[in-house]
Amino acid sequence: VVLKQPRNVGDFIMGACGCDLLVSERFLHLYEHEELGGIEEVLPITVVRMGTTKAAILLEPPKLYGLYLCRSLTQLKYEEMGIDWGKPPDPDYCRICGPGGGAKGGWWRSRERVVVDQSTWAGEDLFFAINSPGTILLSEKASQMIIDNKLTNAQVIPCEEAEHNFLKRFTQQSHSTPK
């Protein structure tokens, strides 16, 4: 991996190297110390370049690890999440991996919160719910570890406050007039 801003590497880095996320050695030690679960695979990542300046190139590369997280059978309760559907799910959508995702599962514009069906949760600490593969969910224990240790470059949002509007940036009116 190439770090463009090597002085500002956080404990979490999203969307790099094909893994679910990259993490610092600090996070990995805390995860193991707390005996958390949910990581399926850990890959050491080689930093091949540190920035573009002579000073940055001389910095010691951080130890980073790529993680693949558990794809859990945990399900979200879409009917309790305050969903604004762009296209509601068809009656015959897949009851395991849907709704959402397009096609028969429909698609949603926004949600007011995340609601986990506790009867489907097997106790993982970091995971993706089967019917929400793009949202990393945390147990209370994992959330507390991140907060207590002030891990950087991540924000823990309680499920009841996890609102999201996919179209917000496209629907907000600009205050400036185009020229």
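No experiment lies behind these values; they were computed from the predicted model shown.

Rules used in this analysis
Residues numbered from 1 in each chain as written. Predicted model: local features only at pLDDT ≥ 70, side-chain atom pairs only at ≥ 80, totals over all residues. Heavy atoms only, no water. Helix = DSSP H or I, 4+ residues; strand = E, 2+ residues; numbered from the N terminus. Buried < 20%, exposed > 50% of the residue type's maximum accessible area, 1.4 Å probe, protein only. Arc of directions from axis to C-beta. Contact = heavy atoms within 4.5 Å. Disulfide = S-S within 2.5 Å. Pairing = 2+ DSSP bridges. Salt bridge = Lys/Arg side-chain N within 4 Å of Asp/Glu carboxyl O.

### Let's talk about unusual backbone geometry
Backbone phi values are negative for most residues with the exception of glycine, while trans is the configuration of most peptide bonds. The omega angle of the peptide bond from glycine 98 to proline 99 is 0°, so this bond is cis rather than trans. Considering the arrangement of structural elements, one finds proline 99 in the loop between strand E7 (84-87) and strand E8 (107-111). Of note, the phi angle at lysine 150 is positive, near 50°, even though the residue is not glycine. Inspection of the secondary structure assignment puts lysine 150 in the loop between helix H3 (140-148) and strand E11 (164-165).

### Focus on helix H1 (residues 25-33)
Where H1 is concerned, the buried positions are Phe27, Leu28, Leu30 and Tyr31. In a view along the axis of H1, the buried residues occupy a sector of 165°, so they form one face of it. Among the exposed residues of H1, those oriented more than 90 degrees off its buried face are Glu32 and His33. Buried-residue contacts for H1 involve strand E2 (12-14), strand E3 (21-24), strand E4 (39-45), strand E6 (64-71), strand E9 (126-129) and H3.

### Structural notes on the state of the cysteines
As enumerated under the stated definition, the model contains 0 disulfides in all. No disulfide involves cysteine 94; its nearest neighbouring cysteine sulfur is the one of cysteine 97, lying 3.3 Å away. Distance from the sulfur of cysteine 159, which forms no disulfide, to the nearest cysteine sulfur (cysteine 70) is 16 Å. Classification of cysteine 159 by relative accessible area gives partly exposed; the value is 29%.

### Some points on the sheet that holds E11
Spatially, E7-E8-E11 is the arrangement adopted by the 3 strands of the open sheet, whose pairing is antiparallel. Edge strands, defined here as strands with exactly one partner in the open sheet, are E7 and E11. Alignment of E7 against E8, held across 3 bridges, turns out to be antiparallel. Paired with lysine 87 across the strands is tryptophan 107, a residue of E8.

### Things to note about the pattern of salt bridges
Going through the model one piece at a time under the given rule, you end up with 7 salt bridges. We note a salt bridge from arginine 113 to glutamate 112, for which the minimum N-O separation is 3.0 Å. With relative accessibility at 27%, the residue arginine 113 sits in the partly exposed group.

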